[in-house]
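Structural description and commentary
Residues per chain are reported as follows:
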Amino acid sequence: MVDGPPGFDEERYKKRNTVERAINKLKQSRAVATRYDKRGYVFHGTATAAALVIWLRT
């Protein structure tokens, strides 16, 4: 039985997939996807607000 290419870690891939899905959900918010905010701390607040909306909807 072949598990995949050499160096392939199935558990690590599952975690990466989870992170990518979370980032894609955040990018559904237009302000996060296009980064209209000039300052880092303002963008951090925008991303936090988008994450809260996602969390509250689930």
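Residues numbered from 1 in each chain as written. Predicted model: local features only at pLDDT ≥ 70, side-chain atom pairs only at ≥ 80, totals over all residues. Heavy atoms only, no water.

**Here's the deal with the overall build of the protein**
Per the secondary structure count, the protein includes three helices and zero strands. Reading the helices (α) and strands (β) of the protein from amino to carboxyl end gives α-α-α. Here the protein has a C-alpha radius of gyration of 16 Å; the compact-globule value for 58 residues is 10 Å, and the former is much larger. Here the C-alpha coordinates of the protein stretch approximately 50 × 25 × 15 Å along the principal axes. Here the protein holds 58 residues, and the buried ones make up 9% of them. For the protein, the exposed area adds up to about 5,600 Å²; of that, 56% sits on carbon and sulfur atoms. Separation of charge centres in the protein, based on 12 positive and 6 negative side chains, amounts to 14 Å. (Helix = DSSP H or I, 4+ residues; strand = E, 2+ residues; numbered from the N terminus. Rg over C-alpha atoms; globule rule 2.2 N^0.38 Å. Buried < 20%, exposed > 50% of the residue type's maximum accessible area, 1.4 Å probe, protein only. Areas by Shrake-Rupley, 256 points an atom, 1.4 Å probe, with all protein chains shown as cover. Lys, Arg positive; Asp, Glu negative; His and termini not counted. Charge placed at Lys NZ, Arg CZ, Asp CG, Glu CD.)

**A short note on the packing of aromatic side chains**
Enumeration over the complete set of coordinates arrives at one aromatic pair. The interplanar angle of 45° and the centroid separation of 5.9 Å between the aromatic rings of Phe8 and Tyr13 together place this pair among those described as tilted. The partly exposed category is assigned to Tyr13, whose relative accessible area is 44%. Directly above the ring of Phe43 sits Arg35, whose terminal nitrogen or CZ lies 4.5 Å from the centroid. (Phe/Tyr/Trp six-rings, centres within 6.5 Å; stacked < 30°, edge-to-face > 60°. Lys NZ or Arg CZ within 6 Å of the ring centre and 35° of its normal.)

**A few points about the pattern of salt bridges**
Summed over all chains, the structure comprises three salt bridges. Across the pair Glu20 and Arg16 runs a salt bridge whose closest N-O atoms are separated by 3.1 Å. A residue pair is termed a helical-turn pair when its members lie 3 or 4 positions apart in one helix, as Glu20 and Arg16 do in helix 1 (residues 10-27) at four residues. Within the structure, one salt-bridge network assembled from shared partners comprises Glu10, Glu11 and Lys14. (Salt bridge = Lys/Arg side-chain N within 4 Å of Asp/Glu carboxyl O.)

**Brief notes about a nonpolar patch on the surface**
On the surface, Leu52, Trp55 and Leu56 cluster together into a nonpolar patch covering about 390 Å² of accessible area. Topologically, Leu56 is positioned in helix 3 (residues 40-57). (Patch = residues over 30% accessible without salt bridge, like charges linked within 9 Å, V, L, I, M, F, W, Y side chains within 5 Å.)

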